[in-house]
Amino acid sequence: MTTKGPESEHPSVTLFRQYLRICTMQPNPDYGGAITFLEERARQLGLSCQKIEVVPGYVITVLTWPGTNPSLPSILLNSHTDVVPVFKEHWHHDPFEAFKDSEGYIYARGAQDMKSVSIQYLEAVRRLKSEGHRFPRTIHMTFVPDEEVGGHKGMELFVKRPEFQALRAGFALDEGLANPTDAFTVFYSERSPWWVRVTSTGKPGHASRFIEDTAVEKLHKVISSILAFREKEMQRLQANPRLKEGAVTSVNLTKLEGGVAFNVVPATMSASFDFRVAPDVDMKAFEKQLQSWCQEAGEGVTFEFAQKFTEPRMTPIDDTDPWWAAFSGACKEMNLTLEPEIFPAATDSRYIRAVGIPALGFSPMNRTPVLLHDHNERLHEAVFLRGVDIYTRLLSALASVPALPGES
Ligand SMILES: CSCC[C@H](NC(C)=O)C(=O)O
Ligand SMILES: [Zn+2]
Ligand SMILES: [Zn+2]
């Protein structure tokens, strides 16, 4: 059914593969190529296209389909344009060729994360427009740079700009994750990334001697405290089947730096940790905990943050919430099973939620292994096309949510 030759390929799939071929890989994404592609989509769809440069070379592209009642807050459909690097030698096909195999799997960096979603938004809008639909609420599609390296030159700045305020977003959708089962995962919050570098200083000297108070000894103590905390959180997760990964705090030791020679005891050593702090954690208390782990290790042990988000928010997912009711109601009508979760990593949703806009993370890919950032990232064309159907229904429902109390 889906293994047609190129002449009979569904045009939405062809468009998806075209977008995948634009190499927007960090650290040198071809943002210009992506913007040209999006401008052409806007022209073909008859949508306005705004470009907002938040930092030189970092442009947010916004395509807008005006609603019939523009005084109502809008629906924001966000996706990022950059993708993560690849280890090319581990791929069965060139990651920027968008090769489709005989079964219909499309191999490409960004196939799941998240160029599929960008094209699904565009194709759902195209379908609704071509069928003559109009909805009360305006739909804005934002295509943002820099997400894969933290969004600091993308969404983090954009939400503070007057152009963002002018969109008057009432509700947002952004990326989620694939689900290998028949169900679809939807994310209502996320853990906060805290990237912490602990630096330890101590006495140097000849490595044949029993030197006291070395940088390494003290760093070892901090590492032990942090890994003991890691073990406790892992046990807590494993002991409670109702808890999902995003509900506990994780940490991994990801870098060890220091030392100059085998026989020289170094005066400085550092360890870098990637913490993902669960949204219900008291962040001030947690920072104090970090401080005490360092203090307990001895003199000369300090820490600094390379990434620290402290404003996690939960988007309501009870049936009394009109956005959730519209989203989950449309899913119910399509017989989709939803599994609400806390996103274990970080997305641009955190910046959107932090300025008070409810946001859900949703990438409609069921029966699909989670392959974001992995070798041979791929998506089946049938799953991709079903995603277009799903967004078509979701957008109709969300853009038709009647005025809420306080909205005009
Ligand atoms: C912390 S900024 C980097 C963002 C990246 N997002 C994903 C989804 O992998 C991460 O969580 O590592
Ligand atoms: Zn992503
Ligand atoms: Zn990613």
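Residues numbered from 1 in each chain as written. Chains lettered and ligands numbered in written order. Predicted model: local features only at pLDDT ≥ 70, side-chain atom pairs only at ≥ 80, totals over all residues. Heavy atoms only, no water.

The protein chain is annotated in an unreviewed UniProt entry as N-acyl-aliphatic-L-amino acid amidohydrolase of Apodemus speciosus. Under the Cofactor (unreviewed entry) heading, UniProt states for the protein chain: "Zn(2+)". What UniProt records for the protein chain under Subcellular location (unreviewed entry) is the sentence "Cytoplasm". (UniProt positions renumbered as here; feature names shortened; annotations may be inferred.)

1. Details of the UniProt feature "domain: Peptidase M20 dimerisation" (unreviewed entry) in the protein chain
Within the UniProt annotation, "domain: Peptidase M20 dimerisation" (unreviewed entry) is assigned to residues 189–299. As annotated, residues 189–299 comprises 36% helix and 32% strand, and the C-alpha atoms at either end are separated by 38 Å. (Helix = DSSP H or I, 4+ residues; strand = E, 2+ residues; numbered from the N terminus.)

2. Concerning the coordination of the zinc ion (ligand 3)
Coordination of the zinc ion (ligand 3) by the protein involves D113 (OD), E148 (OE), E148 (OE) and H373 (NE2), with metal-donor separations of 2.0 to 2.5 Å. Because the angles between the four donor atoms bound to the zinc ion (ligand 3) fall within 56 to 143°, the donor set is best described as irregular. In the primary structure, the donors to the zinc ion (ligand 3) are separated according to the pattern D-x34-E-x224-H. Separating the zinc ion (ligand 3) from the zinc ion (ligand 2) is a gap of 3.3 Å, bridged by D113, which donates to each. Placement of the pair is E148 in the loop between β6 (139–144) and α4 (155–158) and H373 in the loop between β16 (359–361) and β17 (378–380), with a sequence separation of 225 residues. You can call E148 buried: its relative accessible area is 18%. Relative accessible area serves as the criterion here: at 42%, H373 is assigned to the partly exposed category. (Donors = N, O, S within 2.8 Å, 3.2 Å for Na, K, Ca; no water. Tetrahedral: all angles 85-135°; square planar, octahedral: opposite > 155°, others 65-115°. Buried < 20%, exposed > 50% of the residue type's maximum accessible area, 1.4 Å probe, protein only.)

3. Here we look at the coordination of the zinc ion (ligand 2)
On the protein side, the zinc ion (ligand 2) has H80 (NE2), D113 (OD), E175 (OE) and E175 (OE) as donor atoms, found 1.9 to 2.7 Å from it. One chain supplies every donor to the zinc ion (ligand 2), and in sequence these donors are spaced H-x32-D-x61-E.

4. Re the site of ligand 1
Ligand 1 sits among E147, E148, G150, P193, W195, R276, Q307, F343, A345, A346, R350 and H373. Residue R276 places a side-chain N or O atom 2.7 Å away from an oxygen atom belonging to ligand 1. A distance of 2.7 Å separates a nitrogen atom of ligand 1 from a polar atom in the backbone of A346. Relative to its unbound accessible area of 360 Å², ligand 1 is 91% covered by the protein chains. Taken atom by atom, the bulk of ligand 1 overlaps the largest pocket. Residue classes in the shell around ligand 1 are distributed as five nonpolar, three polar and four charged. (Near = heavy atom within 4 Å. Polar contact = N/O pair within 3.5 Å; in protein donor to acceptor, adjacent residues only side chain to side chain. Areas by Shrake-Rupley, 256 points an atom, 1.4 Å probe, with all protein chains shown as cover. 1 Å grid on protein atoms, 1.4 Å probe; cavity = no way out; pocket = protein on both sides within 12 Å on 5 of 7 lines; lining within 4 Å. Sits in = over half its atoms within 2 Å of the grid points. Nonpolar A, V, L, I, M, F, W, Y, C, P; charged D, E, K, R; others polar.)

5. Here's the deal with the pairing of strand β8 (residues 184–190)
With seven of seven residues buried, β8 lies mostly within the body of the structure. When β8 meets strand β15 (residues 338–343), the two strands line up parallel, connected through six bridges. In the sheet register, S189 faces β15, and the bridge partner there is I342. (Pairing = 2+ DSSP bridges.)

6. Some details on the nonpolar core
Among the nonpolar cores identified, the biggest contains 65 residues, and M141, L173, F327, F362 and L394 are the most heavily contacted of them. For this core, the element with the most residues is helix α10 (residues 381–398), which contributes nine residues. The next biggest cluster of nonpolar side chains, apart from the first, holds 22 residues, and it includes A215, V251, A271 and M283. (Core = buried A, V, L, I, M, F, W, Y, C linked by side-chain atoms within 4.5 Å.)

7. So, the confidence of the model for the protein chain
When pLDDT is averaged across the protein chain, the result is 97; 98% of the residues are at 70 or more. Both confidence scores are given for the complex: pTM 0.94, ipTM 0.98. (pLDDT = per-residue confidence, 0-100.)

8. Brief notes about the environment of A382
Relative to the assigned elements, A382 resides in helix α10. Under the relative-accessibility criterion, A382 is labelled partly exposed at 27%. For the pair formed by A382 and H10, sequence separation is 372 residues and the distance between their alpha carbons is 10.0 Å.

9. Some words on the packing of helix α3 (residues 115–130) against α10
The packing of two helices is summarised by the inter-axis angle and the distance between the axes. Direction vectors running N to C along α3 and α10 enclose 55°, while the axes themselves pass 8 Å from each other. Classified by the angle between their axes, α3 and α10 sit oblique to one another. The element α3 and its partner α10 pack so that their crossing is right-handed. In this structure, α3 uses S116, V117, I119, Q120, Y121, E123, A124, V125, R127 and L128 to contact α10, whose residues at the interface are V383, F384, G387, V388, D389, Y391, T392, L395 and S396. Its residues assigned to classes, the contact of α3 with α10 shows eleven nonpolar, five polar and three charged. (Axes fitted to C-alpha atoms, helices over the stretch in contact; angles between N-to-C directions. Parallel < 35°, antiparallel > 145°, perpendicular 65-115°, else oblique. Left-handed = near helix turned anticlockwise from the far one by under 90°. Contact = heavy atoms within 4.5 Å.)

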